[in-house]
Amino acid sequence: GDSVTQTEGLVTVTEGLPVKLNCTYQTTYLTIAFFWYVQYLNEAPQVLLRSSTDNKRTEHQGFHATLHKSSSSFHLQKSSAQLSDSALYYCALSGNTRKLIFGLGTTLQVQP
Amino acid sequence: EAAVTQSPRNKVTVTGGNVTLSCRQTNSHNYMYWYRQDTGHGLRLIHYSYGAGNLQIGDVPDGYKATRTTQEDFFLLLELASPSQTSLYFCASSPGTGGYEQYFGPGTRLTVL
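Rules and cut-offs
Here the residue numbers are simple positions, counted from 1 along each chain's written sequence. Lettering of chains starts at A and numbering of ligands starts at 1, both following the order in which they are written. Since the coordinates come from a predicted model, pLDDT governs what is reported: local features require at least 70, and pairs of side-chain atoms require 80 or more to be given and counted, while whole-chain, interface and lining totals use all residues. Working from all heavy atoms in the structure, the side-chain values ignore hydrogens and water. Pairing of aromatic rings covers Phe, Tyr and Trp, the last counted by its six-membered ring, and requires centre-to-centre distances within 6.5 Å; plane angles under 30 degrees mean stacked, over 60 mean edge-to-face, and any other angle means tilted. Under the scheme used here, helices are H or I runs from DSSP no shorter than 4 residues and strands are E runs no shorter than 2 residues, and both carry numbers assigned from the N terminus. Partly exposed residues are those whose accessible area sits between 20% and 50% of the maximum for their type, while under 20% is buried and over 50% is exposed, using a 1.4 Å probe and protein chains only. Identification of polar contacts relies on pairs of N or O atoms within 3.5 Å, with a donor-acceptor requirement for protein atoms, meaning one able to donate a hydrogen and the other able to accept it, and with residues adjacent in sequence counted only if both atoms are side-chain atoms. Working rule for contacts: check all heavy atoms of both residues, and any pair within 4.5 Å makes them a contact. When two parts are brought into contact, each loses some accessible area as probed by a 1.4 Å sphere; the total of that loss over both is the buried area. Salt bridge, as applied in this entry: a Lys or Arg side-chain nitrogen positioned within 4 Å of an Asp or Glu carboxyl oxygen. Note on residue classes: Ala, Val, Leu, Ile, Met, Phe, Trp, Tyr, Cys and Pro are nonpolar, Asp, Glu, Lys and Arg are charged, and everything else, Gly too, is polar.

Caption draft 1: Fine view of the packing of aromatic side chains. A full pass over the atoms with the stated rule returns 16 aromatic pairs over all chains. For the ring pair Phe 35 of chain A and Tyr 37 of chain A, a centre distance of 6.0 Å and an interplane angle of 50° mean the geometry is tilted. Centroid distance Tyr 35 of chain B to Phe 104 of chain B: 5.5 Å. Interplanar angle 35°. Geometry classified as tilted. Placement of the pair is Tyr 35 of chain B in strand E4 (residues 31-38) and Phe 104 of chain B in strand E10 (residues 103-104), with a sequence separation of 69 residues. Take Tyr 35 of chain B and Phe 104 of chain B: they sit in the same class, and that class is buried. Through pairs of rings, three or more aromatic residues link up here, namely Phe 35, Tyr 37, Tyr 90 and Phe 102 of chain A together with Tyr 33, Tyr 35, Tyr 48, Phe 90 and Phe 104 of chain B.

Caption draft 2: Highlighting the side chain of Gln 6 of chain A. Residues and elements named next belong to chain A. Topologically, Gln 6 is positioned in the loop between strand E1 (3-5) and strand E2 (10-14). Separated by 3.3 Å, the side chains of Gln 6 and Thr 106 make a polar contact. Every residue in contact with Gln 6, bar those within four places of it in the chain, is listed here: Asn 22, Trp 36, Tyr 89, Tyr 90, Cys 91, Gly 103, Leu 104, Gly 105 and Thr 106.

Caption draft 3: Spotlight on the interface of chain B and chain A. With 22 residues of chain B in contact, the opposing surface of chain A contributes 19 residues. Between chain B and chain A, roughly 1600 Å² of surface is buried when both sides are summed, and carbon and sulfur atoms account for 56% of that area. Applying the counting rule to chain B against chain A returns one salt bridge. We note a salt bridge from Lys 99 of chain A to Asp 59 of chain B, for which the minimum N-O separation is 3.2 Å. Linking chain B with chain A are four residue pairs in polar contact (both at pLDDT 80 or more), by the criterion used here. Listed by contribution, the elements that provide at least two residues to the side of chain B that touches chain A are E4 and strand E5 (42-49) of chain B. Grouping the amino acids of the side of chain B that touches chain A by side-chain chemistry returns eleven nonpolar, nine polar and two charged.

As far as function goes, none of this settles anything; it's purely spatial.
Below, the structure is given as structure tokens:
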């Protein structure tokens, strides 16, 4: 079946250093879109990034991600992590059904 | 921006009790979803709907019923609540599928004693 894998449950990084959250997927859909959702403490998930174009970099709020269909990946990166980036991050896949397929999520902790 | 509201925001009930969680969206979205969020399990889809009167089974439907009374309103019903249903519940809406994002409500924290 279709799935999204986020290999790390927790990523801890020091403020100012780069961070990378991994996301890989398996799907049979031909037309797909990918999302990164961010959920801050005691808030609802909200979209951070969206992409459906292979090999095109998408950026928002200092984060960027590139969909690579050749490696089935959509990793999230930031060059300099901030304390305010501490949150739960979900990678999600949207195919031609009515559902989003979410990964299990990665908690990012940015420490001083 | 999509507006999705949920009520109540917090609910405590006892085992065997009846609970109804409410969700309303005011952006004329066709699609609405109910999720539960638990540590280690992420967001799991319970039920969803693509219009008034329509109901689709999600990935973890056991113990839950849902009803979409209007385009705006989607309800989640727990008729015999159990402690395993203690969770944070989110409602979401979307204008479509195949690439449209989902907009989430603020969540309802349910505790079943």
